[in-house]
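Working through the structure, step by step
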Amino acid sequence: MCSPDSVPGFTAVGYHFGKQLHDILGVPVALINTSWGGTRSEAWTSREALEAEPAAAPVLKPWDEALANYDPAKDKERYAKQSPLPTKRRARPTRTCARRLPPRRRIPTGIARRRSTTR
């Protein structure tokens, strides 16, 4: 049985969701955590939603400052100084069928005629 102490690396929302399902259904519940960290919430939350939430003010202030100080010409210059991507691409290996069928055997014409007449 899991508890808050035994699942420190699991998502808290997932833990409480599973616990609620277990309490309601009365059966064991297995959850798989496939979340991937690394994205900031403001990247996938609308500005209107962030403005409606007072706790998001510290997030919006640096974003507004960055937008106010943004210089497209400076950004283009910085981009031009970056090393270009390699242009030479490795050739992909050709795909071949793992098991080739043997060539089809041809029946000589005379034998084919004899077979059809004997039936």
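Above this text is the structure in question.
For the structure given in this document, a descriptive report is provided here. Please read all numbers here as calculations on a predicted model, not as lab measurements.

To continue, consider the layout of surface pockets. Taken as a whole, the largest pocket encloses approximately 320 Å³ of empty space. Along its surface, the largest pocket is lined by 14 residues, and Cys-2, Tyr-15, Gly-18, Lys-19 and Val-29 are the ones closest to its centre. Looking at side-chain class alone, the lining of the largest pocket contains nine nonpolar, three polar and two charged residues. Listing elements by their share of the lining of the second largest pocket, those giving two or more residues are helix H2 (47-52) and helix H3 (57-68). At five residues, the largest contribution of residues to the lining of the second largest pocket is made by H3. Considered class by class, the residues forming the lining of the second largest pocket number seven nonpolar, two polar and three charged.

Our next topic: the environment of Phe-10. Assignment of secondary structure puts Phe-10 in the segment before helix H1 (12-25). Phe-10 gets classed as partly exposed once you look at its relative accessible area, which sits at 26%. C-alpha separation for the pair Phe-10 and Asn-33, spaced 23 residues apart in sequence, amounts to 6.9 Å. If near-sequence neighbours (up to four positions away) are discounted, Phe-10 is found in contact with Tyr-15, Leu-31, Ile-32 and Asn-33.

Under the criterion given, the structure shown has five salt bridges. Glu-51 is the salt-bridge partner of Arg-47, the closest N and O atoms lying 3.0 Å from each other. Placement of the pair is Arg-47 and Glu-51 together in helix H2, with a separation of four residues, close to one helical turn. Ionic pairing is found between Arg-47 and Asp-64, a salt bridge with its closest N-O pair at 2.8 Å. With Arg-47 in helix H2 and Asp-64 in helix H3, this pair connects stretches of sequence that are 17 residues apart. You can call Arg-47 partly exposed: its relative accessible area is 32%. Three or more residues are tied together by salt bridges with common partners; here these are Arg-47, Glu-51 and Asp-64.

What counts, and at which threshold
- Residues numbered from 1 in each chain as written.
- Predicted model: local features only at pLDDT ≥ 70, side-chain atom pairs only at ≥ 80, totals over all residues.
- Heavy atoms only, no water.
- 1 Å grid on protein atoms, 1.4 Å probe; cavity = no way out; pocket = protein on both sides within 12 Å on 5 of 7 lines; lining within 4 Å.
- Points joined across faces, edges and corners; volume = space filled by probe spheres on them.
- Nonpolar A, V, L, I, M, F, W, Y, C, P; charged D, E, K, R; others polar.
- Helix = DSSP H or I, 4+ residues; strand = E, 2+ residues; numbered from the N terminus.
- Buried < 20%, exposed > 50% of the residue type's maximum accessible area, 1.4 Å probe, protein only.
- Contact = heavy atoms within 4.5 Å.
- Salt bridge = Lys/Arg side-chain N within 4 Å of Asp/Glu carboxyl O.

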